[in-house]
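This is what each chain is made of:
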Amino acid sequence: MKLYHGSIAQIEQPEIIKGERLLDFGYGFYTTTNQDQATRWAFSKQARLGSGQCYLNVYEIEEAVFSDPVIRFLEFEEPNREWLQFVIDNRRGKQMHGYDLVKGAVANDTLYQTFTLYESGVLSLEETIVRLKVHQLFDQISFHTRIVIEQLHFIEANTLNIIK
């Protein structure tokens, strides 16, 4: 399976990132199966940090990793109650989960308003899920431990055109 990671750097040796931003699935190394999504992530990071260059890093991983009984893998098939609570808890820093690998929809920045309305009680859980499902949600696969990140094999880093 091919996975993509958009960045301002070529990343041959992925690392678990413990940055300042709280992310959907906690600290980790984030990838996606969608090349366009990874490209948008790269341009977003480029704009946020004022970097001059960005890259689409390409990796391969054996699909057997996702069914390996040794790997603690959590997959959200769709945005539902459990996914929503998991994302909210991680973004608030409330949760330190014990998963090696997590896969599910991206709660991108355009969804913050919906999250805020849900958290403030304006929207019910059901209304929130309906609103989330009308957005085109791409997947993300996050790596949280050395055991799984070592299964990710670097293929190449493609230079992306600079946003003017």
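Residues numbered from 1 in each chain as written. Predicted model: local features only at pLDDT ≥ 70, side-chain atom pairs only at ≥ 80, totals over all residues. Heavy atoms only, no water.

> Would you take a moment to explain the environment of I141 for this structure?
For I141, the location among the structural elements is in strand 6 (residues 139-143). The exposure class of I141 is buried, given its relative accessible area of 0%. Distance from I141 to Y30, taken between C-alpha atoms, is 5.8 Å for residues 111 residues apart in sequence. Look past the residues within four positions of I141 in its chain and what remains in contact with it is M1, L3, F29, Y30, T31, T33, F66, L101, V102 and K103. (Helix = DSSP H or I, 4+ residues; strand = E, 2+ residues; numbered from the N terminus. Buried < 20%, exposed > 50% of the residue type's maximum accessible area, 1.4 Å probe, protein only. Contact = heavy atoms within 4.5 Å.)

> Help me understand the sheet that holds strand 7 (residues 153-160) in this model?
Strands belonging to one sheet form pairs held by backbone hydrogen bonds; the direction of such a pair is parallel or antiparallel. Read across the sheet, 3 strands follow the order 1-3-7 without closing on themselves; strand pairing throughout is antiparallel. Only two strands of the sheet have a single partner each, and these edge strands are strand 1 (2-7) and strand 7. With strand direction ignored, the average angle separating the axes of adjacent strands in the sheet is 20°. Pairing of strand 1 with strand 3 (residues 54-60), which is carried by 6 bridges, proceeds in the antiparallel orientation. When the bridges of strand 3 are listed, H5 appears paired with N57. (Pairing = 2+ DSSP bridges. Axes fitted to C-alpha atoms, helices over the stretch in contact; angles between N-to-C directions.)

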